[in-house]
Amino acid sequence: MADEVVLLDFWPSMFGMRVRIALAEKGIKYQYKEEDLRHKSELLLKMNPVHKQIPLLIHNGKPVCESLIIVQYIDEVWNHKSPLLPSDPYQRAHARFWADFVDRKVYGVGRKLWATKGEEQEAAKKEFLEIYKTLESELGEKPYFGGETFGFVDLSFVTFYSWFYVYENFGKFSMEAEFPQIVAWVKRCMQKESIANTLPDQKKIYEFVLKLKKIFGLE
Amino acid sequence: MAEEVLLFGVWASPYSRRVELALKLKGVDYKYIEEDLTNKSPLLLKYNPIHKKIPVLVHNGKPIVESQVIQYIDEIWQGYPILPKDPYERAIARFWAKFIDDKCLPGAFKAYLGEEKEREKAVEETWEALKILEEELKEKRFFGGESIGMVDIVANAIAFWLGVFEEASGVKLLTREKFPKLTNWSHEFVSSIVVKECLPPREKLIAYFRNRFGGANASK
């Protein structure tokens, strides 16, 4: 029986992008369904009743939720090429730790940076710089977070690149000036087709955020 | 080289008891080190510099922390399967473990240990989350099926600590009326021989939290 893979997603979501990159890395054919998060589809509500969120992967009718859980599932099922997680259990635990760090720290602080003003924004900027400094330190001199090759941690973080222009604009700083190693790493990642073809243009994301701020009265 | 397994934990913490349970299910010998969280040891800070928290597992000198520990234990030591073998079942187990950690436990702890004004909302939120968990349990003996699995291990606070909080404070969260399946599951879980070895002494824990709740109320 041919595999049926469906991805419910939302184009600016850095979480959804992770799944798109993983599917591209593995060469998996799938049907992409764009969700309008203000009018969620019946399918999304039925298949992810607990969180009602994207990304949602549906593999032969069975739903998998949460981007990092989806990526691990993809890696385990389609294990014939492009391994995303290391084979060594210790390296795997290390990779999961840093992907979890990205999940817990990077999204929240980025959002605060563009969604708040004044003192709150200043505090967010300070936190943002600290968190990215920690990541830059973890990257060190390595070509990728995963070492010699692109891996799970790289995947979990690189999708935020499409949001860098938003962060720079609202935070009033330059990513290249503050985090040269991270920027060099991103450029290295963008040489991969799966990433270059997946990440939306930074200006498009910026326009999206401007619209979002208007809708939610965050100007 | 002989294997060296260290576990840095706190006797009252469900998070470090989870790791103990995973190690015991696998039959792994380990050395336990009790941490004083008001005075963290240099070793703890060395092994977990980013979050500075327990539990920390140190396997042959290499530290593993946070929610990665249980999966690591399952992957390194054969024998008792903590996660299912099937990739889809594994994804489901990971989903529910995350749900418990993200949605059930923070609210539950806030309901008892949080700011007074936040507690009522925390109770409501926890009830909603527990209701979803109750539905997931269905007619299974354990979340893992016939035997204890990762989701059961991660839910240890629900099975034991919530009951302790109730006795220490008088505030009921996990009631039989609202959550008959979870209540039954809790009894099955804490009655298991291996789990019993990985729970703190109940009376001592009640006294500990009675003290903490007393302190929280006194600071009004």
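Note that this is a predicted model, so its numbers are computed, not measured.

Each value, and the rule that gives it
- Residues numbered from 1 in each chain as written.
- Chains lettered and ligands numbered in written order.
- Predicted model: local features only at pLDDT ≥ 70, side-chain atom pairs only at ≥ 80, totals over all residues.
- Heavy atoms only, no water.
- Core = buried A, V, L, I, M, F, W, Y, C linked by side-chain atoms within 4.5 Å.
- Buried < 20%, exposed > 50% of the residue type's maximum accessible area, 1.4 Å probe, protein only.
- Domains from an automatic or database assignment.
- Contact = heavy atoms within 4.5 Å.
- Buried area = accessible area lost by both parts, 1.4 Å probe.
- Pairing = 2+ DSSP bridges.
- Helix = DSSP H or I, 4+ residues; strand = E, 2+ residues; numbered from the N terminus.
- Axes fitted to C-alpha atoms, helices over the stretch in contact; angles between N-to-C directions.
- Salt bridge = Lys/Arg side-chain N within 4 Å of Asp/Glu carboxyl O.
- Expected span 1.5 Å × (residues − 1).
- Bend = angle between axes of the 7 residues up to and from the residue.
- Arc of directions from axis to C-beta.

**Q** So what exactly am I meant to see when it comes to the nonpolar core here?
**A** As a rule of thumb, soluble globular proteins bury nonpolar side chains together. Among the nonpolar cores identified, the biggest contains 156 residues, and Tyr-132 and Tyr-167 of chain A together with Ile-158 of chain B are the most heavily contacted of them. When residues of this core are assigned to domains, at least three map to each of domain 1 (5–76) and domain 2 (87–218) of chain B.

**Q** For this particular structure, what's the right way to read the domain arrangement of chain B?
**A** It is common to report an interface's size as the accessible area lost on association of the parts. Residue and element names in this part refer to chain B. The assigned domain composition of chain B is domain 1 (5–76) and domain 2 (87–218). Averaged C-alpha coordinates put domain 1 and domain 2 at centres separated by 21 Å. On the domain 2 side, the residues contacting the 15 residues of domain 1 number 22 residues. Regarding the contact of domain 1 and domain 2, the summed buried area is about 1700 Å², with carbon and sulfur atoms giving 69% of it. Taken as a group, Trp-11, Arg-18 and Leu-21 account for 36% of the area that domain 1 buries against domain 2, more than any other trio of residues on that side.

**Q** Sorry, what's going on with the sheet that holds strand 4 (residues 62–65) of chain B here?
**A** Adjacent strands of a sheet form backbone hydrogen bonds with each other and so pair up, either parallel or antiparallel. Residues and elements named next belong to chain B. Spatially, the four strands line up as an open sheet ordered 2-1-3-4, and their pairing is mixed. Strand pairing shows two members of the sheet lacking a second neighbour, strand 2 (31–34) and strand 4, which therefore form its edges. Sheet twist, expressed as the mean angle between neighbouring strand axes with direction ignored, is 20°. The strands that helix 1 (residues 14–26) touches are strand 1 (5–9), strand 2 and strand 3 (56–59); relative to strand 1, the one it contacts most, it runs at about 155°.

**Q** Any chance you could explain the interface of chain B and chain A here in plain terms?
**A** Listed by partner, the interface residues are 24 residues for chain B and 24 residues for chain A. Here chain B and chain A share an interface that buries about 2300 Å² over both sides, 66% of which is from carbon and sulfur atoms. For chain B, the biggest contributors to the area lost against chain A are Gln-68, Tyr-88 and Phe-95 of chain B; these three give 27% of the whole. The tally of links between chain B and chain A comes to six salt bridges.

**Q** Explain helix 7 (residues 156–169) of chain B to me, please; I cannot follow it from the model alone.
**A** Side chains three or four residues apart in an α-helix point the same way, a direct result of the helix having 3.6 residues per turn. Residues and elements named next belong to chain B. Along its 14 residues, helix 7 runs 19 Å from first to last C-alpha, staying within 8% of the 20 Å computed at 1.5 Å per residue. Of all the bends in helix 7, the largest measures some 25° and sits at Leu-162. Of all 14 residues that make up helix 7, 11 are buried, and the element is covered over most of its length. Every buried residue of helix 7 is listed here: Asn-156, Ala-157, Ile-158, Ala-159, Phe-160, Trp-161, Leu-162, Val-164, Phe-165, Glu-166 and Ala-168.

**Q** What is the right way to look at the environment of Cys-189 of chain A in this model?
**A** Residues and elements named next belong to chain A. Relative to the elements of secondary structure, Cys-189 occurs in helix 9 (residues 180–189). A residue is classified by how much of its surface remains accessible, and Cys-189, at 0% relative accessible area, is buried. Through-space distance from the C-alpha of Cys-189 to that of Val-158 is 7.5 Å; in sequence the pair is 31 residues apart.

**Q** Help me out: how do you make sense of the sheet that holds strand 2 (residues 31–34) of chain A in this one?
**A** All names here are of chain A. Spatially, four strands are ordered 2-1-3-4 in an open sheet, and the strand pairing comes out mixed. Looking at the sheet topology across the chains shown, the edges are occupied by strand 2 and strand 4 (62–65). Taking each pair of neighbouring strands and ignoring which way they run, the sheet shows an average axis angle of 20°. Sheet analysis places strand 1 (residues 5–9) next to strand 2, joined by four bridges and oriented parallel. In the strand pairing of strand 2, Asp-9 is matched with Glu-34.

**Q** Looking at this structure, I do not really get the pattern of salt bridges. What am I missing?
**A** Two side chains carrying opposite charge are able to pair once their charged atoms lie near each other. Throughout the structure, instances matching the rule amount to 25 salt bridges over all chains. Among the ionic pairs, Lys-121 of chain B bridges to Glu-125 of chain B, the shortest N-O distance being 3.5 Å. Within this pair, Lys-121 of chain B and its partner Glu-125 of chain B are both found in helix 5 (residues 116–137), separated by four residues, close to a single helical turn. On the accessibility criterion, Lys-121 of chain B (57% relative accessible area) is exposed. Taking the relative accessible area as the measure of exposure, Glu-125 of chain B reaches 40% and is therefore partly exposed. Members of the salt-bridge network, linked through shared partners, are Glu-66 of chain A together with Lys-98 and Asp-102 of chain B.

**Q** What am I meant to see in helix 5 (residues 118–139) of chain A here?
**A** Residue and element names in this part refer to chain A. Between its terminal C-alpha atoms helix 5 stretches 31 Å, which fits the 32 Å expected from 22 residues at 1.5 Å a residue. Taken residue by residue, helix 5 has Gln-121, Ala-124, Lys-125, Phe-128, Ile-131, Tyr-132, Leu-135, Glu-136, Glu-138 and Leu-139 as its buried positions. Down the axis, helix 5 shows its buried residues gathered within 150° of arc, on one side only. Across helix 5 from its buried face, at more than 90 degrees, point the exposed residues Glu-119, Glu-122, Lys-126, Lys-133 and Ser-137. At the C-terminal side of helix 5, Gly-140 shows a positive phi close to 60°.

**Q** Is there a simple way to explain unusual backbone geometry in this structure?
**A** Most of the time, phi is negative for any residue but glycine, and the peptide bond is trans. With an omega of -5°, the peptide bond between Ile-54 of chain A and Pro-55 of chain A qualifies as cis. Take Pro-55 of chain A: it is sitting in the loop between helix 2 (42–47) and strand 3 (56–59). A cis amide bond links Ile-54 of chain B to the next residue, Pro-55 of chain B, at an omega of 0°. Unusually for a residue other than glycine, Asn-60 of chain B sits at a positive phi of about 50°. Along the chain, Asn-60 of chain B turns up in the loop between strand 3 and strand 4.

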